[in-house]
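# Close look at the chain arrangement
Now for the letters of each chain:
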Amino acid sequence: MTLPHSLYRNLSLYLFSLLALAFLAAIATARSQEQTDSAPDHPAMPVAIHGDTVYTMDGAPIADGLVLIRDGKITFVGSAQDTVYTADHRVLRAKVVTPGLIDARATVGLSGILNQDQDQDMLEKSAAMQPELRAIDAYNPRDPLVAYVRSFGITTVNTGHAPGMLISGQTMVVKTHGRTSDEDVIQPAAMIAASLGSNGTTSEAGKTPGTRSKAVALLRAELIKAQAYVEKLQAEDESKRPARDLRLETLARALDGTQPLLITAHRQQDILSAIRIAREFNLAIILDGVSDAPLVLAEIKASGFPVILHPTMARSFGDQENLSMETAAKLKAAGIPFALQSGYENYVPKTRIVLFEAAIAAAHGLAFEDALACLTRDAAKLLGIADRTGSLTVGKDADLALYDGDPFEYTTHCTATVVDGTVYPGENYD
Amino acid sequence: MCGLTLLTAAALHAQENPVAFTGATIIPISGAPVENGLLLVQHGKITAVGDAATVRLSSEVQIIDVTGKIIMPGLVDSHSHIGGGSGGDSSSPIQPETRVLDSINVRDPRFQKTRSGGITTVNVMPGSGHLISGQTLYLKLREARVIDDLLITLPDGTIAGGLKMANGTNSLTGKNGFPGTRAKSAALVREQFIKAREYRDKLARAGDDESKRPDRNLALEELVEVLAGKRIVQHHTHRHDDIITVLRLAREFDFKVALHHVSDGWKVAPEIAAAGVPCSIIAIDSPGGKLEARDLSFKTGRVLEEAGVVVGMHTDDGVTDSRFFLRSAALMVRAGMSRDGALRSLTLANAQILGLEDRVGSLETGKDADFIILSGDPLSVYTHVEQTWVEGRKVFDRSNEKDHLYAVGGPGAGDPQNTYLCCFGDAFAHHENQGGIQ
């Protein structure tokens, strides 16, 4: 984005907001009576959020900033000085205000808090490739970990099937309200999760794929089947069209780019395999994990594919033994678009907090605002939801995180999280 | 013999002449922080700590200017699994005769990663899948070729370590004599301690009469040490009722115990305080992962501290990474623990939990010269451990390229340290690699 354009845009939004405010003020008196009866977190209640510093991620940070919210949308972003709003607003104040954070790759809601068989829905092991498995059919919005991640400022997660099978299923993008999947979802069929390397192979005797080569061969064969399926669907004679096949119809969406493959690959040879497959089938993929990224930065950059980087504090063993806390900074320096993730753990922590993962990146060479960007604006772009969230911009969803200090500091707290204008409590240690 | 030779060499390298670290803010833990401080080290011991302005140094003192840095004691981790050591196998739930000593790989790259996290003393434990899984080992993270280089020898000549015990769900398999219920777990442990008492009493009655002595029994010998208070029980426990069970058994058999993990500790803090039992707690980024840890919270540090419990912390490496040990304490401060208490939990409190508080855990004259040099506030995410010193020798230096690699990760950081496989290149590297969660 060029600077003049950005300035012009901010200025015009600002002017528009002032006009809107005047209008709102006129109707405020009429509405104030019913508003006082609303629950304090009622989404319809207008909210005014003051921040000593407001990181909009859409222009420069604003000192003594103000964000106004009505009906779940942002109606004003700017300086609090000389800005008036009506008395019916619920007022929140924080040292630091940021856009609601986005966790670009999670299993929260599928890998439940208790880690018992009945609350673990992130990996179906009956077949190596099951792209037809939808996240929305498994997501438990009331798992306590959904509210837990929300309490740190996370408002949106791309959650779903975990790495661990060649194709484990799909992901969905969902807001962290914790109501129902259908109410909270914003992209029900976001990505198709595939894994190469040890995540995509099995060591069980007689089971396939048992090797890296076999995994890639199986994946290619399945994509070729999907290509043939798509072609047959074009048959003019309806009777010659194939019967509906959930598996192939999902992969057809990977082929046409409407639901991209998210390929988990940590070792450098697996990263290159993912890129090779993508080229063969002309796929737009997202690279996931990429512990060995520093070894093949040029190849990743040349591919043009974005990256959802492993958690910076992930355990460094097996395929991930080479992972580095400095990789985020290296991706940034190389100009590779990336976001961060909480990832998947089969033990503890049952979910990571993507804010904490970004903090470690920020302490290892990634500039503060770049670290914030990979949790907000850049993650929104990568997930294709930048028109709705990821920055504090008038008209976007009112997703915000409030902190009592530098969000990355260990001893800072998230004091409130706002999702679609609804105010949720921040961290609680009572 | 090799180990002995190396120790002698190490002693020669340690400061014959005194070395003074000047200008840093010193956090001694045993007292208030000192700005523009001085830490004087000789022969592997601390010979003075104080205000640089008030101490006159003789000309033979080598001065290292660390102005602007923070110096604090080397961290003590009261519960770790670095080196991939093991204790008992799956043949029975009670195996106090097994020693983690006999299983540690000192070339595990996690040793250097641990030094990079500022840890200088560590309790390496066997796992928690047994009621009694074996003998733990308290290690000093000196440079090491073999396990002997890391050992701590106590004044009576024995090797320092504890006994690992556990209750709750981990051992509840119902197979191979393992318990199927909590009551059975406690009954099995009580039976074993009763046997150990009888064994101890028989030994005492036999006195010098060898013919009356019972046959040697490695398992009971260890428990006799525990009954005598020579060996502290390091007890894994999560749920509030399991915590109370540990306190009940410790009272019945009068053994010294420290509680580990203590996920529900915040629910029974007054009871733990009344028992005078210290706790070693852990910071995990989210609760759960198992039924017993559903209510795990960063607030445990604050609640136990307020109740008057001695609170230590641990990494449980690889459950959390040793490089984030300072972070663990900071997360407790996030939930209201005092800063002093949090820093103490990483150092002196852990030393107490291991019974090593006379040697490590604070910067005091006469204690081991184990300390770390930090770039800033120990509880800030932006702070890095710049140097780690053990007994007056530098064992980690972030400005060194190889050490930096262990500190942040990257290709090669997973390779074992090849201190003496030098001549074979990396041929053995990947075969020896230790990974996984203990």
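The text that follows walks through the structure, step by step, so that each part is easy to find.

### Considerations on the sheet that holds strand β14 (residues 414-419) of chain A
Residues and elements named next belong to chain A. The strand order β3-β2-β1-β4-β13-β14-β15 describes an open sheet built from seven strands, whose pairing is mixed. With partners counted over all chains shown, the strands left at the sheet margins are β3 (73-79) and β15 (422-425), one partner each. Across the sheet, the axes of successive neighbouring strands diverge by a mean angle of 35 degrees, strand direction being ignored. Judged from the seven bridges that link them, strand β1 (residues 47-54) and strand β4 (residues 90-99) form a sheet pairing that is parallel. Its bridge partner lying in β4, Ala48 is registered against Val91.

### Considering unusual backbone geometry
Across the chain, the bulk of peptide bonds are trans and the bulk of non-glycine residues have phi less than zero. Cis rather than trans, the peptide bond between Thr208 of chain A and Pro209 of chain A has omega equal to -5 degrees. Along the polypeptide, Pro209 of chain A turns up in the loop between β8 (185-195) and α4 (212-233). The residue after Asp317 of chain B, namely Gly318 of chain B, is reached through a cis peptide bond having omega 0 degrees. Within the secondary structure layout, Gly318 of chain B lies in the loop between β15 (311-313) and α8 (325-334). Phi at Val290 of chain A takes a positive value of approximately 45 degrees, unusual for a residue other than glycine. Relative to the assigned elements, Val290 of chain A resides in the loop between β10 (286-289) and α7 (297-303). Overall, the relative accessible area of 0% leaves Val290 of chain A in the buried class. Even without glycine at this site, Asn176 of chain B takes up a positive phi of about 55 degrees. Mapped onto the fold, Asn176 of chain B is located in the loop between β11 (163-166) and α3 (182-206).

### Things to note about the packing of α4 of chain A against helix α5 (residues 246-256) of chain A
Residues and elements named next belong to chain A. For the pair α4 and α5, the least separation of the axes is 9 Å and the interaxial angle reads 90 degrees. Accordingly, the angle class assigned to the pair α4 and α5 is roughly perpendicular. Contact residues: Glu222, Leu223, Lys225, Ala226, Gln227, Tyr229 and Val230 in α4; Arg247, Leu248, Glu249, Leu251, Ala252 and Leu255 in α5. For the contact of α4 with α5, the class distribution of residues is eight nonpolar, one polar and four charged.

### Details of the sheet that holds strand β3 (residues 37-42) of chain B
All names here are of chain B. On the basis of which strands lie adjacent, the open sheet formed by four strands has the order β4-β3-β1-β5 and mixed pairing. The two strands at the open ends of the sheet, each matched to only one other strand, are β4 (45-51) and β5 (62-65). On average, each strand axis in the sheet is inclined to that of its neighbour by 20 degrees, with strand direction left out of account. As paired strands, strand β1 (residues 19-22) and β5 are joined by four bridges and run parallel to one another. Counterpart to Ala20 in the pairing with β5 is Ile63.

### A closer look at the side chain of Thr383 of chain B
Tracing the chain through its elements places Thr383 of chain B in the loop between β16 (371-374) and β17 (385-390). Look past the residues within four positions of Thr383 of chain B in its chain and what remains in contact with it is Leu374, Ser375, Gly376 and Asp377 of chain B.

### Quick look at the side chain of His310 of chain A
Mapping His310 of chain A onto the fold places it in the loop between β11 (307-309) and α8 (327-334). Once residues within four sequence positions are removed from consideration, His310 of chain A is found in contact with His266, Gly289, Val290, Ser291, Gln320, Leu323, Ser324, Thr327, Leu340 and Gln341 of chain A.

### Description of the interface of chain B and chain A
Contacts between the two partners involve 44 residues from chain B, matched on the other side by 44 residues from chain A. Summed over both sides, the interface of chain B with chain A buries roughly 3,900 Å², with 58% coming from carbon and sulfur. Taken as a group, Arg334, Val381 and Tyr382 of chain B account for 20% of the area that chain B buries against chain A, more than any other trio of residues on that side. Of the charged contacts in the structure, one is a salt bridge between Arg334 of chain B and Glu427 of chain A, with a shortest N-O distance of 2.6 Å. On inspection of chain B and its partner chain A, the count reaches 23 residue pairs in polar contact (both at pLDDT 80 or more). Per-element tally for the side of chain B that touches chain A: the top contributor is α8 of chain B, with five residues. Grouping the constituent residues of the side of chain B that touches chain A by class yields 17 nonpolar, 16 polar and 11 charged.

### Points about the pairing of strand β7 (residues 167-175) of chain A
The element β7 of chain A is largely enclosed, with a buried count of nine among its nine residues. The hairpin formed by strand β6 (residues 154-160) of chain A and β7 of chain A contains six residues between the paired strands, and Gly164 of chain A there has a positive phi angle of roughly 145 degrees.

### Digging into the pattern of salt bridges
Once their charged atoms are close, side chains differing in charge can pair, the charge on each being opposite to the other. Applying the stated criterion across every chain, the model contains 54 salt bridges over all chains. Put simply, Asp378 of chain A and Arg377 of chain A hold a salt bridge, and the shortest N to O gap is 3.4 Å. Residues Glu391 of chain B and Lys140 of chain B are paired through a salt bridge, measuring 2.7 Å at the closest nitrogen-oxygen approach. Highlighted residues: Glu391 of chain B in the loop between β17 and β18 (393-397) and Lys140 of chain B in strand β10 (residues 137-140), separated in sequence by 251 residues. Each member of the pair, Glu391 of chain B together with Lys140 of chain B, is buried. Among the charged side chains, a salt-bridge network with shared partners connects Lys45, Lys140, Arg142, Arg359, Asp368, Asp370 and Glu391 of chain B.

### Thoughts on helix α7 (residues 300-307) of chain B
All names here are of chain B. Taken residue by residue, α7 has Thr300, Gly301, Arg302, Val303 and Leu304 as its buried positions. Those residues of α7 that are buried are in contact with α6 (269-275), β14 (279-281), β15 and α8. Looking one or two places after α7, you find Gly308, whose phi comes out positive at around 95 degrees.

### Some words on the packing of aromatic side chains
With the rule as written, the count across this model stands at 10 aromatic pairs over all chains. A centroid spacing of 5.2 Å and a plane angle of 50 degrees characterise the contact between Tyr55 of chain A and Phe368 of chain A, whose relative ring orientation is tilted. Of the two residues, Tyr55 of chain A sits in the loop between β1 and β2 (62-70) while Phe368 of chain A sits in helix α10 (residues 368-373), which places them 313 residues apart along the sequence. Using a relative accessible area of 24% as the deciding quantity, one classes Phe368 of chain A as partly exposed. A centroid spacing of 5.0 Å and a plane angle of 80 degrees characterise the contact between Phe21 of chain B and Trp389 of chain B, whose relative ring orientation is edge-to-face. In this pair, Phe21 of chain B sits in strand β1 while Trp389 of chain B sits in strand β17, placing the two residues 368 residues apart along the sequence. Grouped by ring-pair contacts, the aromatic residues Tyr55, Phe368 and Phe408 of chain A constitute a single cluster. Directly above the aromatic system of Tyr424 of chain A lies the positively charged group of Arg150 of chain A, at a separation of 3.8 Å from the ring centroid. Of note, Lys299 of chain B hangs over the ring of Trp266 of chain B, and the distance from its end group to the ring centre comes to 3.7 Å.

Here is what the cut-offs are and how they apply
By convention here, each chain's residues receive numbers from 1 onward along its written sequence. Both sets of labels track the order of writing: A upward for chains, 1 upward for ligands. pLDDT decides what is reported in this predicted model: residues at 70 or higher carry local features, side-chain atom pairs at 80 or more are listed and counted, and totals for whole chains, interfaces and linings draw on all residues regardless. Processing note: side-chain calculations cover all non-hydrogen atoms of the structure and skip hydrogens and water entirely. Strands pair, by our definition, only if DSSP identifies at least two bridges between them. What counts as a helix is a DSSP run of H or I of at least four residues, what counts as a strand is a run of E of at least two, and both are numbered from the N terminus. Axes here refer to lines fitted to C-alpha atoms; in helices the fit is confined to the stretch in contact. Angles between the N-to-C directions go from 0 to 180 degrees. Buried residues are those whose accessible area, probed at 1.4 Å on protein chains only, stays under 20% of the maximum for their type, while exposed residues exceed 50% and partly exposed ones sit between those limits. Just so you know how the angles are binned, under 35 degrees is roughly parallel, over 145 roughly antiparallel, 65 to 115 roughly perpendicular, and the rest oblique. By definition, residues are in contact when any of their heavy atoms lie within 4.5 Å. In the scheme used here, Gly and all other residues not listed as nonpolar or charged are polar, with Ala, Val, Leu, Ile, Met, Phe, Trp, Tyr, Cys and Pro taken as nonpolar and Asp, Glu, Lys and Arg as charged. Here's the idea: put two parts together, see how much 1.4 Å probe accessible area each one loses, and the total over both is what we call buried area. Should a side-chain nitrogen of Lys or Arg be within 4 Å of a carboxyl oxygen of Asp or Glu, the pair is scored as a salt bridge. In the analysis that follows, any N or O atom pair within 3.5 Å is treated as a polar contact, provided that within protein one partner can donate a hydrogen and the other can accept it, and provided that, for residues neighboring in sequence, both atoms belong to side chains. Pairing of aromatic side chains requires ring centres within 6.5 Å, counting the rings of Phe and Tyr and the six-membered ring of Trp. Pairs whose planes differ by under 30 degrees are stacked, by over 60 edge-to-face, and all others tilted. We call a charge positioned over a ring when the NZ of a Lys or the CZ of an Arg lies within 6 Å of the ring centre and within 35 degrees of the ring normal.

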